[in-house]
Structure formats: structure tokens, C-alpha cells
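Now for the letters of each chain:
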Amino acid sequence: MTIRSMKFTPEVLLGAPRRSSAIPNSSGTLAVYTQTSYSFESHSKTNEIKVLDIATGRSALICNDPGASSPQWLDHSDQLVWLKTKANGNTSFIVADAREVDKTYMAGTVPGPVSDLKVTVIEPGKIGFAVSGKANPDGSLFNPHDAKRPFSTGRLYNSLFVRHWDSYIEPQKNAIFYGLFQRMPLNPATRTSGKYSVSGLTNLISVCGLTGVESPIPPFGGTGDFDISPSAIVFVAKDPRLNPATHTSCSCYYCPMFSWTSMDQIKTKVHAMKGLEGAMSSPVLSSDGSSIALLAMRTDGYESDKNRILYVPNPWNGEMIEAFSSADGEGLWPLSPYGLKFSNDDKSLFVQVEEYGRGVVYQLPLSNIRHSTPNMLQKLTYSGYVNDVFPASSTSSKLLISSNSLVDNSLWSIVNTEDPSDVRVVSSIGRDGATFGLSSTQVDEIWYRGANDHPIHAWVVKPSNFKPGDKYPLAYLIHGGPQGAWNDQWSTRWNPAVFAEQGYVVITPNPTGSTGYGQPFTDAIRGSWGGLPYIDIEKGFDYIEQNLDYVDTTRAVALGASYGGYMMNWIQGHPLGRRFKALVTHDGVFSMHSMMSSEEMYFPLHDFQGPLWKVPEDWDRWDPSRFTEHWQTPHLIIHNELDYRLTIAEGLAAFNVLQMRGVESQFLTFPDENHWVLNPENALMWHNTVINWINKHVGLPQVTGQR
């Protein structure tokens, strides 16, 4: 799909192609990816699998089946395999040659929905694979199309969870299943190589004899929770002895794969390091499966603790080495990585990490990992936000990097690890955002002094038609989390450029609690939800007013979701609220006590420093509902019915207060959306409602209605 250069409206944002990371083949000549887009004219979605020619940057369509997903390179040739979901819930494995797309065939079918396909070459003609799927209590693959509907709709629970994210807990649990692709012998009559066929589908967790273990970890776990090699599968899962609603503690499971078809019990090695009892993520195996690397947190119950890099040189002797460790346990490197990959030669790791508002890649050699220090790291990227990293070929020292930025929704680059300045852009939906009429010249950043004189970073996004000397209204965006950050990163839900193109200068501060500025800064929000961050945000407004002469702070609006929505409600009850013409709260907290109706209870238990009945003063101190007598700024409230993290009662309570106080206000809800708004038609209504609300109060034109 080719998009003309056009004004960047919500409709353009939501209809633009969304590309996955690009996965290169072993020779480094091609890369496969998925691309989806939505048409507001036909009200339909397209779903494509495409192959990129890395030399030319041109792409070829492989498949446009709406049920196709998870494409992978099948072997060392140019053959592909992907999953196809069928109407009856079963999943087929489709094989095709990337250069002869009309010659596809079905290698086999499994009796239920699976996803997250990964493959590994065991030997020529023998390919191991792993997928994730829901398992019945007996370990078999669950197919909702075959499930018998009960006569009663009642659900009875004896422990937490009752519901999680946007669904109620069911008996079926996530599991990893494995099997084998085997190639049939050469056909002497036609002299053509044999086709692959699927052999078996085995529940790894059941075969390992593990009880109560669930992986990928819900609700967002996927391919990042497990990895495969010819000789082993590794995965992370929460400790089954602890309630997942109140604990984040995980273990890493190493499963040797002596056979990819046998259902004999596998002897599993469990890895958990003393002193690192928190969450685990991003387990990766070396090419031969003989060593593991993963990320681990120290504190159970704290989902935003610092990720520490663990290296397991020999899974069987149990030694786990923490990179950058130090005697005080804090570590020598203050940043928290979010992804790992082994290099081709297994001698180093590629580490993805948030750093000062960017998502960058470092290379860490493993030769002296026991005594590693940050000065051993080599920085490979410097801008944007890296989504994924792959060696560009099976022998290359170069990387194929998938990234994005505030003005570019998808960018693939080749980076030379021996000379990081040697970067070649392979493909971009819109180089420097030009397809959308955007440019990197619109993006700036500022630093100012916040609470306790701590430096605070913020991004500034200006309209594409910005004229020096003119003044523009301010859109002040507060991020969620609260342990999160505004990065040089594309978003389809909260995209600063969409607001900038309405005629705002958009400023996105990263106050206390933000990630990417050192773990102590992230940790400092604990017990201070409306304290230090509020001061940082208020001082940021002062800085803008005093130093950015192109910003008209007398026409300012503020918007936020989740914790950002909490902060809107908090600001509404405090002096800063009087400096805005209008506020927008999306799925925010109204009353701290209502957090007891949430699902991941470890979150408020950590951030509020204990349970409600032990430290009620900590829950009360930062409660926005205590200050409703001061609410008077026009306020749009948005809250969705499937949001089980912050229930819809929070939004209704805030709206009711505003209405009863006579404050100009609106309430928007979607009965079929969760904490986010994902349906494109709903998302367009969301954007139009939000933009019309803020534009009305600063004197900008209204946008046209939904189709």
C-alpha cells in the first residue's frame, strides 16, 4: 500500500500500515515481515505477509490471508512457514518459497489456535518448532470452538485472580507446545525435493512434569517469554507456589530436547538466583543451546524494578552470572534493559535498553562477563526506539534493526557492529516521516530542574508548519505507568505528532518515576504519586512559560491516560489545574481505595507501600477524590467497560463529581474496549472526541466527524 504525502490526521495515523519487525534469512538477502492496515472507506482490515529484498528495499507480497501470522524462515534456503487460523479454530502450517509465492502447501494442522511460532534447524530436512496456545487442565490443546457451553454463566472463585486485564480467569492456561517439520525424501520421478510435514504436537510444560506453571506469562507474554535451539527450549514463568495477583517472582526453565517427537518426560533444570526474586523476561539461547541469557529483577512484587542481565554459561551446573554486579547489590549500570539477543558467534550479547528518552542497542562481550563493567559496552544506535535486533545474516557482523521514532512509524536499518557509524536505511514507510508530512525538524527536547533540583527531560513536538515568531497553544501530555516514559517512539494511541498537527506545541515531560534515567529516579515515585511527579510537572509548566516564547501557556490543555489520567484528576484538585483551559482523563484513578478492585494487586501494594488495612494513610495521602471541592476546569473523562485494571466506576465517579459541581464535562465510554482503545473505528471516535474537546477550549477548529 502506497500512501501519498498528506496532512497527518487521526484517520491517517490509524489507517497507515503497521509493520512488524523484519526477520532476515540466513544469507541476509531477504527479510520477512507482516503488515496490517485499516481502511475507513471499506471499514475493513488487510493483513499481509511480505518479503523485503534487502539490497533494493523493495517488498513482494507473499500472502494476504486475514488468518495468517508468525512467518519464519523454515531452513537455510528461502522457504517460509507461517500459521493460518481456520474457521473451526484449528491452525495450519503453510509453507512457501519466498521467490515462488504461488507454490504454497499445507505442512500440517493442529487441533486448536496457536501463535508465536519459532523454528530451529536440527539437521537438513529436520526442523524443530515451538508455538504457544491455551491448554486444557489435562494438557491438551484447547479449542474454544469445541468447548461445550455450560447451562449456567456463573463463575465461582476461591482465590485471586478473578479476572486479569480484560477477561475473567478460566481453567485453560497458556502453554508452550513443540513439534517437528520433517521433509519427505526426494521424489525420483519429478526430481523435486520433498515437502515438509508436521510431526506431533506436545505440551512442553506437561511433559516436563510441571504443575501450575504457565508460559507465556499472561496477559502480554509471547515470543519474548521463550526461545528454542536444536538442543533445548528455555522459558520463563511465574513461581507456581505464589499467587500471581500479588507476586511477580519468576523462574527460568531449561528443557533439553533429545527428541522433538517423543512424549517421554523431560528432565528440566530450573534456574532462580538468590537475591533476584522478581520478574524474569527475554530468555535467549546460544546457537547450540548450551548457554542462556535473560533479564531478571531483584524485588518480588515490583513490576518496574531494574532488569539485570544474567548469563548462564552451563545450564546444568546452575551457575548464574549477573553482569555489572556490585557489592551493594545495586549494580554498576543504572539502566534497565528490555531485550537481549546472542551474536552469531555467541561471544557477545546485543542489549536493548531505554536511555534518556530513546531505545538503543549496546553490545556486551561475554569473555569477561564475571567482571563486567559498563565501559565494556559498545553503543550501536543513538536515536529512535529499537523494537528488535537480528544478525543481518548467519555469518555477518552487521545487524538488521527494526525501529521507529516520533515521526517515523517503521524503519529498518543495517548497522555495522565493527563501525556503528556505518548505518544504511533499508526501508521506511515514510523516510523521516515524509509520507505523513512530518519531519525530524519538528522534534526538539528540553531539560529543566524539577523537584529537589533534579534534571527533568521532555520532548517537544511542533506543528509541521511551525513559524518562528508565532505562538502556539500547549498540549501537555503526561505518560502512564507510572513507571514509564515518553520516548523517541511511534504510538498509535498517544501520538504527539497527531496533536501537533492540530496546531499545538506538544510537550511530554518525563517526571519522577520515569524509566530510562536510572533506577533510583524510577523508584522515587513509590509513596509519592501526587508528590514529586506533580512538582516536576508544575515546574515544567513554569519552565515552558518562562523560556519557550513560541508557546502560549494561556491556552494550555493537559491530557493523560492510566497514571497520566490519575495525574489529570490530581491536577484538577490542585493549583496547577487552574492554569489549563481543559483536561482529559483516560482510564485514570479517581479514588485510591478503588484500586482494591484492580487485578494485579502487587502494583498498588508496592507503590502505596503496603496493603490498605496496614498503611491507610499512604493510600489516603495521594487520593484525588479528597480534593474534589476544587474541581472547576472543563474536563473530558474516558473510561472503558472492559478495563479491569482500573474499573469503569473510576471514570463514572469522576464524571458524576464534575456534573454535580456544574463543571463543563463529557464522558466517553466503549463497552468493548479494555485499558486501551484498539478497534480502529473506536480509536477514530476517541481521537475526534479528544481533539474537538481540547480544540474547543483553546480556539482551534473542530475536526470532522467519524465516517
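Below, the structure is looked at part by part. (Residues numbered from 1 in each chain as written. Predicted model: local features only at pLDDT ≥ 70, side-chain atom pairs only at ≥ 80, totals over all residues. Heavy atoms only, no water.)

Below, the discussion takes up the nonpolar core. Nonpolar side chains tend to gather and get buried jointly when the protein is soluble and globular. Tyr476, Ile507, Trp529, Tyr566, Met567 and Phe580 are the most contacted members of the largest nonpolar core, which has 44 residues in total. Top contributing element to this core by residue count: helix 6 (residues 563–572), with six residues. In this structure, Phe8, Val407, Trp494 and Ala683 belong to the second largest nonpolar core, which totals 43 residues. (Core = buried A, V, L, I, M, F, W, Y, C linked by side-chain atoms within 4.5 Å. Buried < 20%, exposed > 50% of the residue type's maximum accessible area, 1.4 Å probe, protein only. Helix = DSSP H or I, 4+ residues; strand = E, 2+ residues; numbered from the N terminus.)

As a further point, take the environment of Leu52. Within the secondary structure layout, Leu52 lies in strand 4 (residues 44–53). Here Leu52 falls in the buried class, since its relative accessible area comes to 0%. Residues Leu52 and Lys274 lie 222 residues apart in sequence; the distance between their C-alpha atoms is 45 Å.

For the coordinates displayed, the defined rule picks out 18 salt bridges. For Lys379, the salt bridge goes to Glu355, with nearest N and O atoms at 2.8 Å. Note that Lys379 is positioned in strand 27 (residues 378–379) and Glu355 in strand 25 (residues 348–355), a separation of 24 residues in sequence. Residue Lys379 is classed as partly exposed on the basis of its relative accessible area of 22%. Across the pair Arg358 and Glu445 runs a salt bridge whose closest N-O atoms are separated by 2.5 Å. With Arg358 in strand 26 (residues 358–365) and Glu445 in strand 32 (residues 443–449), the pair connects residues that are 87 residues apart, well separated along the chain. For Glu445, a relative accessible area of 29% puts it in the partly exposed group. Shared partners join several salt bridges into a network, and the residues in it are Asp542, Glu545 and Arg579. (Salt bridge = Lys/Arg side-chain N within 4 Å of Asp/Glu carboxyl O.)

A separate point is the packing of aromatic side chains. Overall, the coordinates contain 41 aromatic pairs when judged by the stated rule. Ring geometry for Phe541 and Phe580: centres 5.2 Å apart, planes at 75 degrees, overall edge-to-face. Of this pair, Phe541 sits in helix 5 (residues 532–547) while Phe580 sits in the loop between helix 6 and strand 37 (582–586), and the two are 39 residues apart along the sequence. Judged by relative accessible area, which is 0%, Phe541 ranks as buried. Classification of Phe580 as buried rests on a relative accessible area of 5%. Three or more aromatic residues joined by ring pairs form one cluster here, namely Trp529, Tyr563, Tyr566, Trp570, Phe603, Phe608, Trp619, Trp622 and Phe627. Over the ring of Trp676 we find Arg493; its NZ or CZ atom is 4.1 Å from the centre of that ring. (Phe/Tyr/Trp six-rings, centres within 6.5 Å; stacked < 30°, edge-to-face > 60°. Lys NZ or Arg CZ within 6 Å of the ring centre and 35° of its normal.)

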